[in-house]
Amino acid sequence: MSIRQQIQPVLTLALPLILAELGWMSMGIVDTIMVGHMANPALAISAAALGQVLYNTIAFGIAGVLLGLDTYLSQSHGAGRFDEANRWLLHGLLLAAGLALTLILIILCAPSFMLRLPIDHAVLTGSVAFLDALNYGTPALFLYFTLRRYLQAFNHVRPIAAALVTANLVNVVGNWFLIYGHSFGPLHIPALGVTGSGLATSFSRCYLALFMVIALWRIERRHHYGLRSMARHFEPRRLRRLALLGAPAGGQIFVEISIFGMVTFLIGVMGRLPLAGHEIALNCASFTFMVPFAISAAAAVRVGQAIGRKAPSEAASAGWAAILLGAGVMACFSAVLLLMPHAIASSFTADRDVIAATIPLLFVAAIFQFFDGLQITATGSLRGAGNTHAGLIVQIVGYWIIGLPIGYLFGFRLHYGAVGLWMGLCAGLIVAGTTLTLIWRHTTKKQLLALSSQPLARS
């Protein structure tokens with residue numbers, strides 16, 4: 001199949017995932033909007049921002065190890081080895097349990113570190129309470145991650161979208177009840193503020209996990225993939241292979257999210273107002289990023305399935321189709337951010353000072369959209385081919401060795417403040433997007449034929 005012919009199947013797989021990812025990101029945006037209408041919006045948004053960034057940086061870095069399932073599950077599906085895929089799922093669930101416990105313990109220990117940061121103490125106190133509330137939903141979050149990988153590798157993506165869309169409704173209702181407090185006759189729900197927002201998110205994640213369990217059960221009854229009859233013995237070697245493949249993918253996500261976490265900390269030192277503006281702009285940039293992120297997941301599945309079928313040219317064209325789609329849609333988002341910055345910022349809060357702090361950051365975000373689309377879709381294509389190391393190395397260099405020093409120079413030495421730090425992020429994304437696209441080009445020229453000639457990876 002040519003690149004043009006691959007666009008439709010990639011989109012068919014990606015569209016429900018795009019809806020799911022936008023639904024996922026909408027939870028954070030809804031949290032920001034609803035706490036942004038509390039009495040002190042700059043304080044509330046800043047507290048939620050620090051809590052979200054710290055939790056997401058650690059959680060998605062750790063959960064990223066499960067991305068190794070994309071390679072094994074999609075290649076097993078492409079080869080018609082459902083029994084093999086089922087065993088990978090079982091060991092993915094075991095790995096997820098260990099990773100979830102690790103995250104719970106880290107978040108429990110986080111306050112002792114956070115309260116020593118040189119940031120407004122009221123902001124830190126609110127962030128700690130928000131983190132504690134988020135931690136209740138950690139086991140459910142990891143269960144969702146694991147079951148989702150199986151469903152999308154088997155082309156069942158509509159339940160994922162339905163789960164995220166309805167989970168947003170749960171989150172909105174939970175926020176309304178728990179942030180502001182309400183009374184219904186003798187029943188009184190106290191106003192928990194930022195903490196209530198974290199609890200609502202945890203409830204919605206529990207709902208997500210339950211939805212995915214039910215969806216998988218119904219799909220197994222309909223298609224008979226053999227989940228109920230599979231061998232359930234523990235294979236340490238399989239678990240080790242899964243962890244070794246997924247670790248670089250998790251490391252890459254950690255590197256990418258942690259650079260935004262570092263920038264959030266540095267902007268937090270500047271005060272509540274720049275931090276509130278940063279949080280709104282970051283929510284917008286993260287929201288647009290979810291579209292190519294979903295296309296990246298579709299790329300990993302399509303490339304992996306083609307390799308499992310021993311079709312290297314099909315794998316190459318699927319990857320290029322995803323990269324073109326990701327870059328194209330981000331170019332469109334760039335135009336929206338350039339043309340409507342005030343309308344976007346004012347949808348989060350009515351505070352004029354916060355809006356003014358947000359708009360310049362939206363302009364910088366508009367510049368790096370295209371390259372953000374390139375880097376994440378190229379990463380997904382490479383993951384489908386079993387290469388999880390390239391993205392990690394490129395992003396360490398792009399973000400930490402190039403981007404952060406540039407951001408520090410412009411932000412603190414040249415006194416551009418938060419805008420200067422975002423300029424550093426922009427430089428890092430330009431490097432990452434360009435380099436990873438070139439690596440995928442090299443992969444399609446030299447390596448896919450060799451990968452497709454290898455036997456399916458087993459334990």
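Criteria and thresholds
- Residues numbered from 1 in each chain as written.
- Predicted model: local features only at pLDDT ≥ 70, side-chain atom pairs only at ≥ 80, totals over all residues.
- Heavy atoms only, no water.
- UniProt positions renumbered as here; feature names shortened; annotations may be inferred.
- Helix = DSSP H or I, 4+ residues; strand = E, 2+ residues; numbered from the N terminus.
- Rg over C-alpha atoms; globule rule 2.2 N^0.38 Å.
- Buried < 20%, exposed > 50% of the residue type's maximum accessible area, 1.4 Å probe, protein only.
- Contact = heavy atoms within 4.5 Å.
- Areas by Shrake-Rupley, 256 points an atom, 1.4 Å probe, with all protein chains shown as cover.
- Lys, Arg positive; Asp, Glu negative; His and termini not counted.
- Charge placed at Lys NZ, Arg CZ, Asp CG, Glu CD.
- Axes fitted to C-alpha atoms, helices over the stretch in contact; angles between N-to-C directions.
- Parallel < 35°, antiparallel > 145°, perpendicular 65-115°, else oblique.
- Left-handed = near helix turned anticlockwise from the far one by under 90°.
- Nonpolar A, V, L, I, M, F, W, Y, C, P; charged D, E, K, R; others polar.
- 1 Å grid on protein atoms, 1.4 Å probe; cavity = no way out; pocket = protein on both sides within 12 Å on 5 of 7 lines; lining within 4 Å.
- Points joined across faces, edges and corners; volume = space filled by probe spheres on them.
- Domains from an automatic or database assignment.
- Core = buried A, V, L, I, M, F, W, Y, C linked by side-chain atoms within 4.5 Å.
- Expected span 1.5 Å × (residues − 1).
- Bend = angle between axes of the 7 residues up to and from the residue.
- Patch = residues over 30% accessible without salt bridge, like charges linked within 9 Å, V, L, I, M, F, W, Y side chains within 5 Å.
- Salt bridge = Lys/Arg side-chain N within 4 Å of Asp/Glu carboxyl O.

Per an unreviewed UniProt entry, the protein chain goes by Multidrug-efflux transporter and derives from Tunturiibacter lichenicola. Check the Subcellular location (unreviewed entry) section of the UniProt entry for the protein chain; it says "Cell membrane".

Asker: Quick rundown of the overall build of the protein chain? Include the residues and the values.
Answerer: If you tally the helices and strands in the protein chain, you get 16 helices and two strands. Here the protein chain has a C-alpha radius of gyration of 22 Å; the compact-globule value for 459 residues is 23 Å, and the two agree. The principal-axis extents of the C-alpha atoms in the protein chain amount to approximately 60 × 55 × 35 Å. A burial count over the protein chain gives 60% of its 459 residues as buried. Restricting the contact set of the protein chain to residue pairs at least 6 apart, pairs at least 24 apart contribute 84%. Total accessible area computed for the protein chain in this model is approximately 17,700 Å², and 70% of it derives from carbon and sulfur atoms. If you average the places of the 28 positive and of the 15 negative side-chain charges in the protein chain, the two averages end up 12 Å apart.

Asker: Lay out the packing of helix 4 (residues 82-114) against helix 6 (residues 138-153) with the relevant residues and their values.
Answerer: Taken N-terminus to C-terminus, the directions of helix 4 and helix 6 make an angle of 155°; their axes are 9 Å apart at the nearest point. As far as their axial angle goes, helix 6 and helix 4 are roughly antiparallel. Of the two elements, helix 4 crosses helix 6, and the hand of that crossing is right-handed. Mapping the contact onto sequence places Ala85, Asn86, Leu89, Gly92, Leu93, Ala96, Leu99, Ala100, Leu103 and Ile104 in helix 4 and Thr138, Pro139, Phe142, Leu143, Thr146, Leu147 and Tyr150 in helix 6. Looking at side-chain class alone, the contact of helix 4 with helix 6 contains 13 nonpolar, four polar and no charged residues.

Asker: Would you mind going over empty space enclosed by the protein in detail, with residue names and values included?
Answerer: By the definition in use, this model includes three cavities of 30 Å³ or more. Estimates place the volume of the largest cavity at around 1,000 Å³. Every residue lining the largest cavity is counted, 45 residues in all, and those nearest its centre are Trp24, Asn56, Phe60, Ile257 and Met290. When residues of the lining of the largest cavity are traced back to their parent elements, those giving at least two are helix 1 (3-35), helix 2 (41-63), helix 5 (121-135), helix 6, helix 8 (194-223), helix 9 (236-270), helix 10 (272-308) and helix 13 (352-384). Among the elements that take part in the lining of the largest cavity, helix 10 stands out by supplying ten residues, more than any other. Broken down by class, the residue content of the lining of the largest cavity amounts to 24 nonpolar, twelve polar and nine charged. Two domains each donate at least three residues to the lining of the largest cavity, and these are domain 1 (1-234) and domain 2 (245-453). Every residue along the wall of the second largest cavity is listed here: Ala249, Gln252, Thr379, Leu382, Arg383, Asn387, Thr388 and Gly391. Sorting the residues of the lining of the second largest cavity by element identifies helix 9 and helix 13 as the ones contributing at least two each. Residue contributions to the lining of the second largest cavity peak at three residues, all from helix 13. The residue inventory of the lining of the second largest cavity, partitioned by class, reads two nonpolar, five polar and one charged.

Asker: Got a sec to walk through the nonpolar core? Specific residues and values, please.
Answerer: Phe142 and Trp422 are the most contacted members of the largest nonpolar core, which has 142 residues in total. Take this core: its biggest share by element is 19 residues, from helix 10. In contact with Phe142, other than residues within four places in its own chain, are Ala59, Ile62, Ala63, Leu66, Ala96, Leu99, Ala100 and Leu103. Grouped together as the second largest cluster of nonpolar side chains are five residues, Ala133, Ile189, Leu199 and Ala200 included.

Asker: Give a description of helix 10 that names residues and reports values.
Answerer: Here helix 10 contains 37 residues, and its C-alpha end-to-end distance of 51 Å stays within 8% of the 54 Å for a straight helix at 1.5 Å per residue. At Met290, helix 10 shows its strongest bend, of approximately 30°, with the proline Pro292 following within four residues. The buried count for helix 10 comes to 32 of 37 residues, which makes it a mostly enclosed element. At the C-terminal side of helix 10, Lys310 shows a positive phi close to 65°.

Asker: Describe a positive patch on the surface, naming the residues involved and giving the relevant values.
Answerer: Together, Arg218, Arg221, Arg222 and Arg228 give the surface a local cluster of positive charge. By the element assignment, Arg222 lies in helix 8. For Arg222, a relative accessible area of 51% puts it in the exposed group.

Asker: Could you give an account of a nonpolar patch on the surface, with specific residues and numbers?
Answerer: On the surface, Val336, Leu338, Leu339, Met340 and Phe363 cluster together into a nonpolar patch covering about 480 Å² of accessible area. Considering each element in turn, the nonpolar patch owes the most residues, three residues, to helix 11 (residues 312-339). In this structure, Val336 sits in helix 11.

Asker: Give a description of the environment of Gly23 that names residues and reports values.
Answerer: Turning to its location among the elements, Gly23 is positioned in helix 1. The exposure class of Gly23 is buried, given its relative accessible area of 6%. Measuring from C-alpha to C-alpha, the distance between Gly23 and Trp176 comes to 18 Å, with 153 residues separating the pair along the chain. What Gly23 contacts, discounting residues up to four positions off in sequence, is Leu164 and Asn168.

Asker: Would you mind going over the pattern of salt bridges in detail, with residue names and values included?
Answerer: Counted under the stated rule, the structure contains eleven salt bridges. The partner of Arg81 in a salt bridge is Asp83, with the nearest N and O atoms 2.9 Å apart. Between Glu314 and Arg302 there is a salt bridge, with the nearest N and O atoms lying 3.9 Å from each other. In this pair, Glu314 is assigned in helix 11 and Arg302 in helix 10, connecting sequence segments twelve residues apart. Glu314 sits in the buried class, given a relative accessible area of 15%. Residue classification places Arg302 among the buried residues on the basis of a relative accessible area of 14%. In this structure, a network of salt bridges that share partners links the residues Arg81, Asp83, Glu84, Arg87, Glu235 and Arg238.

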